[in-house]
Amino acid sequence: MHKNLKTQFCGLDLDSPIVLLSGCVGFGEEYTRIEGFSNTDVGAICLKGTTLEPRLGNIPSRVTETPEGMINAIGLQNPGADVVINEIMPTLDKAETRFIINISGSSVEEYGEIAKRFDDSDIDAIEINISCPNVKEGGVAFGNDPEMSYRVVDICRKNTTKPLITKLSPNQTNIALSAQRCIDAGTDGLAVINTLMGMSINTQTRRPIIGNNQGGLSGPAIKPVALLKVHQVYQVSQQYNIPIIGQGGIMTANDAIEFIIAGASTVGIGTALFYDPLVCPKINAGISQYLIEHNLDSVSDLVGTLQLNSAVSPCDIDSNK
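Residues numbered from 1 in each chain as written. Predicted model: local features only at pLDDT ≥ 70, side-chain atom pairs only at ≥ 80, totals over all residues. Heavy atoms only, no water.

Draft legend 1. Highlighting the overall build of the chain. Secondary structure assignment for the chain yields 9 helices and 16 strands. For 321 residues, the compact-globule formula gives about 20 Å, and the C-alpha radius of gyration of the chain, at 19 Å, lands near that figure. Projected onto its principal axes, the C-alpha coordinates of the chain cover approximately 50 × 50 × 45 Å. Considering the chain as a whole, with its 321 residues, one finds that 54% of them fall into the buried category. Restricting to contacts in the chain with at least 6 residues of sequence separation, those with at least 24 account for 70%. (Helix = DSSP H or I, 4+ residues; strand = E, 2+ residues; numbered from the N terminus. Rg over C-alpha atoms; globule rule 2.2 N^0.38 Å. Buried < 20%, exposed > 50% of the residue type's maximum accessible area, 1.4 Å probe, protein only. Contact = heavy atoms within 4.5 Å.)

Draft legend 2. Spatial organisation of the pairing of strand S7 (residues 98-103). Across the 6 residues of S7, 5 count as buried, placing the element largely inside the fold. Pairing geometry for strand S4 (residues 44-46) and S7, over 3 bridges, is parallel. Bridging from a neighbouring strand, Ala44 pairs with Arg98 of S7. Relative to strand S8 (residues 125-129), S7 runs parallel, the two being bridged by 4 bridges. For Ile103, the partnering residue across the bridge sits in S8 and is Ile128. Handedness of the crossover joining S7 and S8 through helix H2 (residues 108-119) is recorded here as right-handed. (Pairing = 2+ DSSP bridges. Right-handed = clockwise from strand over helix to strand, strands pointing away.)

Draft legend 3. Spatial organisation of the environment of Ala221. Considering the arrangement of structural elements, one finds Ala221 in the loop between strand S14 (215-218) and helix H5 (223-237). Sequence separation between Ala221 and Ile250 is 29 residues; the distance between their C-alpha atoms is 10.0 Å. Once residues within four sequence positions are removed from consideration, Ala221 is found in contact with Pro67 and Glu68.

Draft legend 4. View of empty space enclosed by the protein. By the definition in use, this model includes 1 cavity of 30 Å³ or more. As a volume, the largest cavity reaches approximately 30 Å³. Looking at the largest cavity, the residues that line it are Leu20, Val25, Gly28, Glu29, Glu30, Tyr31, Thr32, Phe37, Asn39 and Ile45. Split by residue class, the lining of the largest cavity holds 5 nonpolar, 3 polar and 2 charged. (1 Å grid on protein atoms, 1.4 Å probe; cavity = no way out; pocket = protein on both sides within 12 Å on 5 of 7 lines; lining within 4 Å. Points joined across faces, edges and corners; volume = space filled by probe spheres on them. Nonpolar A, V, L, I, M, F, W, Y, C, P; charged D, E, K, R; others polar.)

Draft legend 5. Summary view of the sheet that holds S4. Here 8 strands make up a closed barrel; going around it, the order is S3-S4-S7-S8-S9-S10-S15-S16 and the pairing parallel. Sheet twist, expressed as the mean angle between neighbouring strand axes with direction ignored, is 25°. (Axes fitted to C-alpha atoms, helices over the stretch in contact; angles between N-to-C directions.)

Draft legend 6. Inspection of the pattern of salt bridges at higher detail. Inspection of the entire model under this criterion finds 13 salt bridges. With a closest N to O distance of 2.9 Å, Arg181 and Asp184 form a salt bridge. Pair noted here: Arg181 and Asp184 are both in helix H4 (residues 175-185), with a separation of 3 residues, about one helical turn. One salt-bridge network, in which partners are shared between bridges, spans Asp82, Glu113 and Arg117. (Salt bridge = Lys/Arg side-chain N within 4 Å of Asp/Glu carboxyl O.)

Draft legend 7. Local environment of the state of the cysteines. The final tally for this structure, using the stated rule, is 0 disulfides. Cysteine Cys10 remains unbridged, with the sulfur of Cys46 as its closest cysteine sulfur at 10 Å. Of all cysteine sulfurs in the structure, the one in Cys24 sits closest to Cys280, which takes part in no disulfide; the separation is 11 Å. (Disulfide = S-S within 2.5 Å.)

Draft legend 8. Representation of the side chain of Asp124 in the model. With respect to the secondary-structure elements, Asp124 resides in the loop between H2 and S8. Engagement of the side chain of Asp124 in a polar contact is seen with the side chain of Arg98, the distance being 3.0 Å. Side-chain polar atoms of Asp124 contact the backbone nitrogen of Phe99, separated by 2.9 Å. With residues near it in sequence (within four places) discarded, Asp124 still touches Leu12, Arg98, Phe99 and Pro163. (Polar contact = N/O pair within 3.5 Å; in protein donor to acceptor, adjacent residues only side chain to side chain.)

Draft legend 9. Expanded view of the packing of H4 against H5. Where H4 meets H5, the closest approach of the two axes is 9 Å, and the angle between their N-to-C directions is 40°. As summarised for this structure, H4 and H5 are arranged oblique, according to the angle between their axes. Along this stretch, H4 crosses H5, giving a crossing that reads as right-handed. Between H4, through Ile175, Ala176, Ala179, Gln180 and Ile183, and H5, the contact on the second element is made entirely by Lys229, Gln232, Val233, Val236 and Ser237. In terms of residue class, the contact of H4 with H5 is built from 6 nonpolar, 3 polar and 1 charged. (Parallel < 35°, antiparallel > 145°, perpendicular 65-115°, else oblique. Left-handed = near helix turned anticlockwise from the far one by under 90°.)

Draft legend 10. Main features of H2. For H2, spanning 12 residues, the distance from its first C-alpha to its last is 17 Å, which sits close to the expected 16 Å at 1.5 Å a residue. Of the residues making up H2, those classed as buried are Val108, Glu110, Tyr111, Gly112, Ile114, Ala115 and Phe118. On its buried face, H2 is in contact with helix H1 (81-88), S7, S8 and helix H3 (146-159). (Expected span 1.5 Å × (residues − 1).)

Draft legend 11. Broad picture of the sheet that holds strand S11 (residues 196-198). Across the sheet, 4 strands lie side by side as S5-S6-S14-S11; this open sheet has antiparallel pairing. Pairing within the sheet leaves two strands with one partner each, and these edge strands are strand S5 (63-66) and S11. Strand-to-strand twist across the sheet, computed as the mean angle between neighbouring axes with direction ignored, equals 35°. Where S5 lies against strand S6 (residues 69-72), 4 bridges are found, and the strand directions are antiparallel.

All quantities given are derived from atomic positions and should not be read as evidence of function.
Encoded structure:
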C-alpha cells in the first residue's frame, strides 16, 4: 500500500481512504472469492445493513440497470443483529481492514437497541442508515426530517461508545441542516450521500421494473449531485472537525480526488465494483500519484481545498435561495 494513502477517520487508522459501501459487498466476504481481490486494498468495509430482527427483503425484481447507474430496492434483507454478531463477525479477518456495521430500524427505539448490541462487539464503528421509513410516523424516512435524524443519532450515541457515522439522505430540502443536527446529537462522522430515489418502467407491461415500484439510484449518474452535497455538508462539518465519507458514482481515481477536494476525508466505492471488482488498487494508485505530482504528503492535505469561482451570476444567486 502507498504510504501517502494512510489516513485517519473517526479515530480509526486506515491504510487507504477507500471505504467499501454497505449493500455492495455483503458481509465482507463476497468479493474475496474473486481472484486478485483483497480486503487489504481498502481502509474499511461497511457491512450489509442490519436490523434488530431478520428481514426477507422486498419482492423481486430488486435491481435494474439504468443509463450510467442502477436502481436497487433490496429491502434490507439480513439475518438480524444477533446472527451478525455471533456468527458472521467472528469470521471476519480483522487484520485485513477495518469493519463498520450499517444499522437500520423502523423506530427510534430499534436504532438504540441495535447500537447497544453492537457496542458489546468488536466492530470498529457503526454507520447509521437514517433513510429508513419511520413506521410510527406514517412511513416518512427518518433522514428527510432533521429533527427525527437528531433523535436517531442521539439514542445511538447514548447506547454506544463506538464511533458513529451518519449516512445522510440526498432526498431532503436542506442536507446541511440535517448534518448540523446529526453533529449536535453526537455523530463522529458523516457519509454523504445515500442513493437518490428513482424509478424505471417496463413499457410493454406498463409497470415499474422494480417490485417495490421505486428504489435507490446509484452509480455515475448521481455523481454531480453527490459532489455538491459533499461540498454543502463540508461547510458545516469542517467547523467541528467531523470527517466525511464522500460517495456517489465514484468510478476512477479522478472521481475520488474530486470528492476529496470537495471535502471528503475518505471515499466510498460501491456500484463501481459491479463494473470492475478490481478497481480499488487502481484508485489507490491514482490518488497516490496525484499527491506526489502536487507535492502533497497525505490525503488530509487535499481535503476541502476546493476554490470556488468568484464570479456569481444573478441566476446562480437566485437559485441558492
